[in-house]
Amino acid sequence: MDAKRNPLFDSGIALAAVTAFLYCASAAYTGGYLDLLGLDGDVLDRNFQQILYHGFLISFASAFLFLFFYAIARFIYSHGVLPGLNDELRKSWKRKRQYLRVKNWWIGKRKDSEIEQREKQHTVTFALLGAVFFVFILSLVYFESKGKEAATQVKLKIKSKSIPEHEMITVSINGQTLKLLYLMCGARNCAGVAPETSVVYYFPQNGHSYVLPVAKDRLPTQERLPK
C-alpha cells in the first residue's frame, strides 16, 4: 500500500461515488416513470433520504449479481486458469518461449523512460475512467427503462380495469371522496389516477386511506399437526 495515500481519503471518495450512483439511479428510474405517466416531478419532489433509499432498493439486485459473477470469474482465474498456466509453463521450455514471445509482442522488449511510463499510466487511467463512465451511463439507461416498464404496467392495469383493492386509495379532494389508483408519493404530495376517467389527481401527503392486502395466515406447526 502506498504510504502517501490516506485511507480515510480513499474511503471518502468511495462513499461519495456510491452516494452519487444511488442518487442518479433513483433519479433515472423516477424520471422514466414520471415521464411515461405524464406526472410533474416538481409536485412530487422527494427528499434526499428517499432518493438514496429508493436508489439502493432498485440497484441492490443488479449490484449483487455483478459482484457475484465477478467473484466467480476471479475464483476461476486464480484457482483454475492461473495455476494451470503456470504448471504448463514450468513443464515445457518451448511453451514458455511461446508465452514470452506473445508477451513481448504485446508489451514489447523496449524499456520505457520515466516520462513514457508516466504518460502511459495516464493513458491507462483515462481509458479506465472512460470505461467506468460508459458503464455508468448504461446503468442509468437501464434504470430509466425499468421506471418506464413500471409505468407501462400501471397503464395496463388502468386499461384492463382489473385493479387489486389494496392498490386503490380513498382520498378527499375539494370535499369530494375519490377512489384512485395509487401512483406515487413525494416528500409532501401524492398522486393517484381515477381508473374510470384516467384523470390524475395531486393531493397532500395526508388524509388518504387504503385497504391492507389480504394475506393468508399460516398456522403454527403445532396447530397444523394432526392430533
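The text that follows walks through the structure, step by step, so that each part is easy to find. (Residues numbered from 1 in each chain as written. Predicted model: local features only at pLDDT ≥ 70, side-chain atom pairs only at ≥ 80, totals over all residues. Heavy atoms only, no water.)

Within the chain, the secondary structure is distributed over five helices and five strands. Listing every helix and strand of the chain by position from the N terminus yields α-α-α-α-β-β-β-β-β-α. Counting over 227 residues, the chain shows a buried share of 20%. Contacts spanning at least 24 positions in sequence make up 58% of the contacts within the chain whose residues lie at least 6 apart. Surface accessibility of the chain: about 17600 Å² in total, with carbon and sulfur atoms responsible for 63%. (Helix = DSSP H or I, 4+ residues; strand = E, 2+ residues; numbered from the N terminus. Buried < 20%, exposed > 50% of the residue type's maximum accessible area, 1.4 Å probe, protein only. Contact = heavy atoms within 4.5 Å. Areas by Shrake-Rupley, 256 points an atom, 1.4 Å probe, with all protein chains shown as cover.)

Taken N-terminus to C-terminus, the directions of helix α2 (residues 48-91) and helix α3 (residues 93-107) make an angle of 120 degrees; their axes are 5 Å apart at the nearest point. What the angle tells us is that α2 and α3 run oblique. Contacts between α2 and α3 involve Leu85, Glu88, Leu89 and Lys91 from the former and Trp93, Arg95, Lys96 and Tyr99 from the latter. Here the residues of the contact of α2 with α3 sort into four nonpolar, no polar and four charged. (Axes fitted to C-alpha atoms, helices over the stretch in contact; angles between N-to-C directions. Parallel < 35°, antiparallel > 145°, perpendicular 65-115°, else oblique. Nonpolar A, V, L, I, M, F, W, Y, C, P; charged D, E, K, R; others polar.)

Now for the pairing of strand β3 (residues 189-194). Of all six residues that make up β3, five are buried, and the element is covered over most of its length. Bridge analysis of strand β2 (residues 176-185) against β3 gives four bridges, and the strand direction is antiparallel. Among the inter-strand pairings, Cys185 is bridged to a residue of β3, identified as Cys190. The pairing of β3 with strand β4 (residues 199-204) spans six bridges and is classified as antiparallel. When the bridges of β4 are listed, Val193 appears paired with Val200. Linking β3 back to β4 in an antiparallel pair, the connection comprises four residues, with Ser198 at a positive phi of about 60 degrees. (Pairing = 2+ DSSP bridges.)

With antiparallel pairing, the five strands of this open sheet are ordered in space as β4-β3-β2-β1-β5. On the outer flanks of this sheet lie β4 and β5 (209-210), each paired with one strand and no other.

A disulfide bridge is the covalent bond that connects two cysteines by way of their sulfur atoms. Counted by the stated rule, this structure contains one disulfide. With a sulfur-sulfur separation of 1.8 Å, Cys185 is cross-linked through a disulfide to Cys190. What sets the handedness of the Cys185 and Cys190 disulfide is the S-S torsion sign, and at about 100 degrees it is right-handed. An identical accessibility class is assigned to Cys185 and Cys190; each is buried. (Disulfide = S-S within 2.5 Å.)

To continue, consider the nonpolar core. Among the nonpolar cores identified, the biggest contains 15 residues, and Tyr33, Leu37, Leu39, Val154, Leu181 and Leu183 are the most heavily contacted of them. For this core, the secondary-structure elements that each account for two or more residues are α1 (7-37), α4 (114-160), β2 and β3. Ignoring anything within four residues of it in the chain, the contact list for Val154 reads Tyr33, Leu37, Leu181 and Leu183. (Core = buried A, V, L, I, M, F, W, Y, C linked by side-chain atoms within 4.5 Å.)

This part is about the side chain of Thr30. Summarising the element assignment, Thr30 is placed in helix α1. Of the polar contacts made by the side chain of Thr30, one reaches the side chain of Arg46; its length is 3.1 Å. (Polar contact = N/O pair within 3.5 Å; in protein donor to acceptor, adjacent residues only side chain to side chain.)

Below, the discussion takes up the side chain of Ser59. Positionally, Ser59 belongs in helix α2. When its relative accessible area of 5% is taken as the criterion, Ser59 is described as buried. Engagement of the side chain of Ser59 in a polar contact is seen with the backbone oxygen of Gly55, the distance being 2.6 Å. Aside from chain neighbours lying at most four places away, what touches Ser59 is Phe21, Leu22 and Phe143.

Turning to the packing of aromatic side chains, a few remarks are in order. One pair of aromatic rings is described through two measures. These are the centre distance and the angle between the planes. Taken as a whole, this structure holds nine aromatic pairs when the rule is applied. Seen from their ring centres, Phe66 and Tyr70 are 6.3 Å apart, and the 15 degrees between their planes marks the pair as stacked. Of this pair, Phe66 and Tyr70 are both found in helix α2, four residues apart, which corresponds to roughly one turn of the helix. A residue is classified by how much of its surface remains accessible, and Tyr70, at 48% relative accessible area, is partly exposed. One aromatic cluster in this structure is built from Phe56, Phe60, Phe64, Phe68 and Phe69. (Phe/Tyr/Trp six-rings, centres within 6.5 Å; stacked < 30°, edge-to-face > 60°.)

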